[in-house]
Amino acid sequence: MSGVSAPLPQWRCWFGAGLCCVLLPLARAATPVSDGTTEAWQFMANQLPRDAYARLGRIKGAPTREQALASAVVAVDYQPVTQDRLHDAEAAFAQLAQGDDEVADAAAYMQARLYQVHFQQPDYIRAAALYRALAERHPASHWAQLGLVKLGLLELYTLPEPAAPADRIAAAMALLGRIHEEKLQRDLHLQIAHAGTFYEQPLDLVLAHLKEVDRIGGLVGQVPEDLAIELGELSLRAGHYADARKYFEIYLRDFTPNLRSVTVRRRLEDLAVLEAKAKEGRP
């Protein structure tokens, strides 16, 4: 892409339970002397939007595109959040998105996120349209790839069409081929698996996506532990006894013993009975 004379930080963004957006540059400022933007991103990464706001406020002269992006992001996260401030941020994102650089892609993604989760009245159709437009314009961009994951969530639950659960899941699955970042593929596989459970779809479909999540790995927090339990339990229900045993034993091997470990051991006892019946040909 054109439009920049020096490499920009590659921001990575995720949203917490509230309206907090944390952006952390993986690279430092492109120029030898900091213009204040790097510090602002670091404050945001540390969940200090007031400090980021103050740092950006000390910048003199016309803001760069990155500074304008940082200011709009801070406006989204700065408490107390107001709808007027969110609409001002949306206008800033929309203007920045007209460019042809990573700032434009990040701004387009953030604009869609405003419509998806931040405004008091979400507009899921508008959010989906913005994600699609970004993916069509710059399909290889990290922000377009991330937007496709968010689009998958909209397809699964909130867009009016397709309405049938199986069609919703098919629409989300169709996005997988357009996502080239493996960790983002993993995230969409996990969303599809959970939607399959929610919509009571065939267990083998759900398991196929969970196994992809497990293969890719890289999950953090409680999720890996939950995944092992889910794979074991659903495999047991589907009659895949060898897989169920494998995942239950992985859980006992890899995770700190807790109350769930007792349940897993009991499930292994239940599994042993089922395996014996299957070996004897008994129902």
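Sequence order sets the numbering: in each chain, residues are counted from 1 along the sequence as written. With pLDDT at 70 or above as the cut-off, local features in this predicted model cover only qualifying residues; side-chain atom pairs require 80 or more to be listed or tallied, and sums for whole chains, interfaces and linings still use all residues. Calculation of side-chain values draws on the structure's entire complement of heavy atoms; hydrogens and water are dropped beforehand.

(A) A look at the packing of aromatic side chains. Two rings from Phe, Tyr or Trp (for Trp, the six-membered ring) form a pair when their centres sit within 6.5 Å of each other. Planes less than 30 degrees apart are called stacked, planes more than 60 degrees apart edge-to-face, and all others tilted. Going through the model one piece at a time under the given rule, you end up with eight aromatic pairs. Consider the rings of Phe-198 and Tyr-199, whose centres lie 5.0 Å apart with planes at 75°: the pair is edge-to-face. Joined through ring pairs, the aromatic side chains of Tyr-109, Tyr-131 and Trp-143 make up one cluster.

(B) Representation of helix 10 (residues 203–216) in the model. Numbering goes from the N terminus for both helices and strands, where a helix is a DSSP run of H or I of at least four residues and a strand is a run of E of at least two. One fewer than the residue count of a helix, multiplied by 1.5 Å, yields its expected span. The end-to-end C-alpha distance of helix 10, which contains 14 residues, comes to 20 Å, matching closely the 20 Å that a straight helix rising 1.5 Å per residue would cover. Taken residue by residue, helix 10 has Val-206, Leu-207, His-209, Leu-210, Val-213 and Ile-216 as its buried positions. With a 1.4 Å probe rolled over the protein chains alone, any residue whose accessible area is under 20% of its type maximum counts as buried; one over 50% counts as exposed, and the rest are partly exposed.

(C) Region of interest: a nonpolar patch on the surface. Patch definition: residues above 30% relative accessible area lacking any salt bridge, with like charges linked at up to 9 Å and the nonpolar side chains Val, Leu, Ile, Met, Phe, Trp and Tyr linked at up to 5 Å. To be clear on the numbers: accessible area is Shrake-Rupley with a 1.4 Å probe, and residue cover counts the displayed protein chains and nothing else. In what follows, salt bridge is the name for a side-chain nitrogen of Lys or Arg lying within 4 Å of a carboxyl oxygen of Asp or Glu. Residues Leu-153, Tyr-157 and Phe-198 make up a contiguous nonpolar surface patch of roughly 290 Å² in combined accessible area. Its place among the elements puts Leu-153 in helix 7 (residues 142–157).

(D) Structural view of the nonpolar core. Counting 54 residues, the largest nonpolar core has Leu-69, Val-73, Phe-93, Tyr-109, Leu-114, Tyr-131 and Ile-192 as its most contacted members. Top element by residues in this core is helix 5 (residues 102–118). It accounts for nine residues. It only takes one pair of heavy atoms within 4.5 Å for two residues to be counted as in contact. Other than its neighbours up to four places away in sequence, Tyr-131 contacts Tyr-109, Ala-112, Arg-113, Gln-116, Gly-147, Lys-150, Leu-151 and Leu-154. Nonpolar cores were defined as sets of buried Ala, Val, Leu, Ile, Met, Phe, Trp, Tyr and Cys residues, with membership established by side-chain atoms within 4.5 Å. Ala-193, Leu-227, Leu-231 and Tyr-247 belong to the second-largest nonpolar core, a separate cluster that totals ten residues.

(E) Highlighting the environment of Leu-175. Inspection of the secondary structure puts Leu-175 in helix 8 (residues 165–176). Judged by its relative accessible area of 6%, Leu-175 is buried. Sequence separation of Leu-175 and Gln-145 is 30 residues, and the distance between their C-alpha atoms is 9.7 Å. In this view, Leu-175 contacts Leu-148, Leu-151, Gly-152, Glu-155 and Leu-188; residues no more than four positions away in its chain are not counted.

(F) Spotlight on the packing of helix 11 (residues 223–237) against helix 13 (residues 259–280). At their nearest, the axes of helix 11 and helix 13 sit 11 Å apart, and the two run at 20° to each other. Relative to helix 13, helix 11 is oriented roughly parallel. Crossing angle aside, the handedness with which helix 11 passes helix 13 is left-handed. Residues Glu-225, Asp-226, Ile-229, Glu-233 and Leu-236 of helix 11 form the contact with helix 13, whose participating residues are Arg-260, Val-264, Arg-267, Leu-271 and Leu-274. Three categories are distinguished: nonpolar for Ala, Val, Leu, Ile, Met, Phe, Trp, Tyr, Cys and Pro, charged for Asp, Glu, Lys and Arg, and polar for the others, with Gly belonging to the last. When its residues are assigned to classes, the contact of helix 11 with helix 13 shows five nonpolar, no polar and five charged. Comment: axis = line fitted to C-alpha atoms, over the contacting stretch for helices; angle = value between 0 and 180 degrees taken between N-to-C directions. Small angles under 35 degrees read as roughly parallel and large ones over 145 as roughly antiparallel, with 65 to 115 read as roughly perpendicular and the rest as oblique. The sense of a crossing depends on the near helix, which, turned anticlockwise from the far helix by less than a right angle, makes the crossing left-handed and, turned clockwise, makes it right-handed.

Shape descriptors only; they carry no functional weight alone.
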